[in-house]
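Each chain is listed here by its residues.
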Amino acid sequence: MSKKVHLVLGSGGARGIAHIAVIEELEKRGYEIVEIIGCSMGAVIGGFYASGHLKEYKDWLFNLSRSDVFDLMDFTFTKQGFVKGEKIFAKLKEMTGDLNIEDFKIPFTVVATDMKNNKEVYFKKGDLFKALRASVSIPGLFTPVIQGNKLLVDGGVLNPLPIDLAKKEKEAIIVAVDLNGPAEEGLKLPRKSKKETEKKNDIQKWLERMLPDSVKNYTKKIEKPEDEEEEFSLMGLMETTFTFTQDRLTSLMIQIYKPEVLISIPRNIAATFEFHRSKDIYELGKSRCIEVLDKNEN
């Protein structure tokens, strides 16, 4: 198998921490990453790697608590979204200072979606953090980025796994990391503590306080086999709908463009904002990467 890799990193919120494990395993085995294309969280990880700052970002992620994640949310209440995102990206910029994509040694592409013109937008130069802010803007949650006549949101709206953008060199391979793989029953993860299980997500609690009663009452409960109840809040329904759309688009992209190596991360490993589970996600990403690479190399 060729040692030159075009790396495609898909969208999927906190599950994107698995991308870090994939990059580290590829480097450990002597692969040369000659291009990176990232969407949403895949763009964030790809950008930090291409700029040479992945270690700082990984160390920071591994020390995040649930309350830390909540504290990074600069909530607003507009018709376009609930989170401005400025606080998060100001924190990220503290780690690196100003970065321009064209200065990276590895060609790097960030994928976003222009809602006004219904088309994909690609950032190959310019301010890294402005590009990332556009690429992660989940519609209805993050406020969109306005750039000229463009209204930019998450790249996953149109292309959650942008394999089609890879400009494959001769004798190179495409390695794609899908963060929206099929959910797996009995996924072996550390069990949540009783306190953590009982505690509502802080972001969901904030949203419930802000919404009118007519919307808050739009909550449906279903019974699990163990007679546990799971709430499907407005935010949960939004996230699930977006994930299902990404699933279908990703499946079509894989069928059409067929990467030489596909690493699939089950979507039930973590929800969008469960960054406090970074170590668990990283370890699962590492094991799935090793499994796939071993199979392809033998």
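Residues numbered from 1 in each chain as written. Predicted model: local features only at pLDDT ≥ 70, side-chain atom pairs only at ≥ 80, totals over all residues. Heavy atoms only, no water.

Topic: helix α2 (residues 41-50)
Selection criterion: Burial classes follow relative accessibility: with a 1.4 Å probe on protein chains only, a residue under 20% of its type's maximum area counts as buried, one over 50% as exposed, and anything between as partly exposed. In this text, helices come from DSSP runs of H or I with a minimum length of four residues, and strands from runs of E with a minimum of two, each type numbered from the N-terminal end.
In terms of burial, α2 is largely enclosed, as 10 of its 10 residues are buried. Every buried residue of α2 is accounted for by Met41, Gly42, Ala43, Val44, Ile45, Gly46, Gly47, Phe48, Tyr49 and Ala50.

Structural notes on unusual backbone geometry
For Ser40, which is not a glycine, the phi torsion comes out positive at approximately 55°. You can see Ser40 is positioned in the loop between β2 (32-39) and α2. On the accessibility criterion, Ser40 (5% relative accessible area) is buried. Here Lys258, not a glycine, exhibits a phi torsion of approximately 45°, which is positive. Among the secondary structure elements, Lys258 is positioned in the loop between α10 (234-257) and β12 (261-266).

So, the packing of helix α1 (residues 17-28) against helix α11 (residues 278-297)
As a reminder, the rule being used: Working convention: axes come from line fits to C-alpha atoms, limited for helices to the stretch in contact. Angles between N-to-C directions cover 0 to 180 degrees. In these notes the angle categories are as follows: under 35 degrees is roughly parallel, over 145 is roughly antiparallel, 65 to 115 is roughly perpendicular, and the rest is oblique. Should the near helix be turned anticlockwise from the far one by less than a right angle, the crossing is termed left-handed; should it be turned clockwise, right-handed. Only heavy atoms enter the contact rule, under which two residues are in contact if any of them lie within 4.5 Å.
The interhelical angle for the contact between α1 and α11, taken along N-to-C directions, is 45°, at an axis separation of 7 Å. As the angle between them shows, α1 and α11 are arranged oblique. Crossing hand, α1 versus α11: right-handed. On α11, the residues that touch Ile17, Ala18, Ile20, Ala21, Val22, Glu24, Glu25 and Leu26 of α1 are Ser278, Ile281, Tyr282, Gly285, Lys286, Cys289, Ile290 and Leu293.

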